[in-house]
Amino acid sequence: MAAEGLSTATPGKSQAHSPNPANRNLCRIRTHINTETEALGCPDQGPDEQRYIIYRNVFDKVIENATAYKNILTSIKQEYEESINVLHKGKEDSLFLRRKLKSMAFEPMTYVAYKKRAIQLQNKIDLIKQNTAELEAHLQAVKKSRDVQKEQTKQTLPPQEDVFHITCIPGLTLQESINVEDLCKHLRNLEKKLKSLEFAKETKYVPIQIKTNIIQDINQKMQQWEVLDMVNKQLKLRYKRIEILADAVAAWGYSDKSISLTEYILPSLTEAISLKDTEVDNLWPEILHADDPSTINEPAYLLEYVERFNKLFDDKQYRAAAKHVANCPRGILHNLEVMERFKAITEYEGHISPLLQFFEAVMNSFSAVKQSPNAKMSLEGVECALTQNRLDLVIHWIIQQRVTCSEELGDLIYNYGDTELRNMDTCMVLAQIVYNKCDVHKKAALCLCRCRQISGAMEYIRDSKKFSLDDYLFLMNKCPNSELIQCLTNEWNGNPAVLSTGIAVLWLISNDHEETGFHLLKEIYDSGQDAMERTILNDVNCTLEDWQEIAAKCITYNCNELADSIFTVLTSQEGGTVIRITTESDNDGAKLIEHIFL
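Residues numbered from 1 in each chain as written. Predicted model: local features only at pLDDT ≥ 70, side-chain atom pairs only at ≥ 80, totals over all residues. Heavy atoms only, no water.

## Re the confidence of the model for the protein chain
Piece 1. Here the protein chain shows a mean pLDDT of 77. Residues at 70 or above account for 84%.
Piece 2. Within the model, the stretch residues 1-18 combines pLDDT values under 50 with 15 contacts to residues more than four positions away or in other chains.
Piece 3. Across residues 282-295 the pLDDT falls below 50, and counting only partners more than four positions away or on other chains, this stretch makes 10 contacts in the model. (pLDDT = per-residue confidence, 0-100. Contact = heavy atoms within 4.5 Å.)

## What about a nonpolar patch on the surface?
Piece 1. The grouping of Y69, I72, I76 and Y80 at the surface amounts to a nonpolar patch, some 410 Å² of accessible area in total.
Piece 2. Here I72 lies in helix α4 (residues 70-156).
Piece 3. In this structure I72 comes out as partly exposed when scored by relative accessible area, which is 49%. (Patch = residues over 30% accessible without salt bridge, like charges linked within 9 Å, V, L, I, M, F, W, Y side chains within 5 Å. Areas by Shrake-Rupley, 256 points an atom, 1.4 Å probe, with all protein chains shown as cover. Salt bridge = Lys/Arg side-chain N within 4 Å of Asp/Glu carboxyl O. Helix = DSSP H or I, 4+ residues; strand = E, 2+ residues; numbered from the N terminus. Buried < 20%, exposed > 50% of the residue type's maximum accessible area, 1.4 Å probe, protein only.)

## Re the nonpolar core
Piece 1. Among the nonpolar cores identified, the biggest contains 93 residues, and F342 and I413 are the most heavily contacted of them.
Piece 2. Among the elements that take part in this core, helix α18 (residues 424-437) stands out by supplying 7 residues, more than any other.
Piece 3. Ignoring anything within four residues of it in the chain, the contact list for F342 reads F309, F313, Y318, A321, A322, V325, P354, L355 and F358.
Piece 4. Counting residues in each nonpolar core, the second largest holds 12 residues, with I54, Y55, I63 and L73 among its members. (Core = buried A, V, L, I, M, F, W, Y, C linked by side-chain atoms within 4.5 Å.)

## Here we look at unusual backbone geometry
Piece 1. Although it is not a glycine, K316 adopts a positive phi angle of roughly 65 degrees.
Piece 2. Looking at the element boundaries, K316 is found in the loop between α10 (298-314) and α11 (318-326).
Piece 3. Here K316 falls in the exposed class, since its relative accessible area comes to 60%.
Piece 4. In this structure, N389 takes a positive phi of about 55 degrees despite not being glycine.
Piece 5. In this fold, N389 is placed in the loop between α15 (375-387) and α16 (391-399).

## Here we look at the pattern of salt bridges
Piece 1. Taken as a whole, this structure holds 15 salt bridges when the rule is applied.
Piece 2. Note that D425 and R452 form a salt bridge whose closest N and O atoms lie 3.4 Å from each other. Taken together, the positions of D425 in helix α18 and R452 in the loop between α19 (441-450) and α20 (454-464) put the pair 27 residues apart, joining distant regions of the chain.
Piece 3. Here D425 falls in the partly exposed class, since its relative accessible area comes to 35%.
Piece 4. The exposure class of R452 is exposed, given its relative accessible area of 59%.

## Some thoughts on the environment of K442
Piece 1. On the secondary structure map, K442 appears in helix α19.
Piece 2. Sequence-wise, K442 and S468 are 26 residues apart; in three dimensions their C-alpha atoms are separated by 9.2 Å.
Piece 3. Among residues more than four places away in sequence, those in contact with K442 are F467, D471, F474 and L475.

Right under this line is the structure:
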């Protein structure tokens, strides 16, 4: 509105004076106001929010263009906005009060409606109670009539001996009980159950007389042990007395013998006579009271423990049975028979199989029994864990040395790493640990190569000193890596090459690794003709015929440059000649090759 007043005052000045930029700005502002109000459809009279926004923005533009009166215009704009805010708040308060007054005016009507609804609900409750009472009375009458009918039926029934009872077969309905096909099917199921019970009786149970006989045998053994224990105590007492006297006699022998032997050993003799059984037991540390059978009836305890396990297993409480295995004394349940029972389970609840629970129990009880599972059980346990993608368990078992290492176990982990590429490095490390413990050195070195630890593999080869030519060829076959082959065929850390370059190249070319073999030759060729000559002449393990075969292979695969380089070294050398001598009279038909350098 201030902008409107300001714009109405400017035309008067424009008549007295010539147009200036300020007047033109005011004209543009007024035109902008008219355009915006028409576009937004603002009413000509009365308050309107859109008109207020338009004039507020115009006022901001006027303040931006003003210089001398900028502060005054800003104060005027703030007062306008405060007044408008007060009007807005008053409008909102009046609207709120109007709504509140309207709701208060409707309160009596609401109260009357609620009271009426309460009366209606109370009437419904009374009606429901009345219907309930009638139904209960009817129910009591029906019960009485039935009781009367039962008494009359009992009086008219004939004696029980003359009545033929017809009952349903357990597990079948009445309709199925008179159907021949259903009866035959039910008979087959019963026969299967009978066979399973007979098998369980033969394999899982024994006559109770056997248990009685075992208990009698245990009691007899305990009685024999008590007799032998008494004899043992007497013998220990005698041994201790003789030992005291023998020490005294030996001491007298080393003395000056100023007194007689009888006088000298008299104190020791008194001490030996005063010795008692209890004192001998204290002086005999070899007796372990923890293993004393008199403190506990161990056979009976073990038998009861096994029976408890069988009961948990038969009740399909596999988790509890696995925990029972973990706590078993002396590891009596850590055997292949128990493992096969868990392995035969196909139906179970949860995501963890009972077999894996069994292996976890066995591995976790290692600290108690101080004995890791045998190789077969270790292999089965690791295979079960890997089948369920529990590599973390395998890592824990191997690091904690809770499995028996074998070559088969290493192969299992190695093959798992080939299939699970995201865990390949971890599997290679685990397989290398297993191979190293069971002295399969070539596969341990292969695992290091697969982990791209070529230097570590070479150090392992040097330290083990048990690698043969077949082992080196095995490494090249499983890991045809150029860096590995370079380390094998060249000097490494001041040590001579462990593999002949010619044998390596010939083997690679002949065993579907042509690219790697030719790449090795190409690196030698790129180093110059002297490098090729040194390689061939210093290779004492590769014969002339082998290098000729390599050159022929190069021609076959269109590597003519390599073939020419090899033939050049073989046929002529500076200051020397290659002589090929063949002895046909040799019984073995061997070819003798001599390099004669003049």
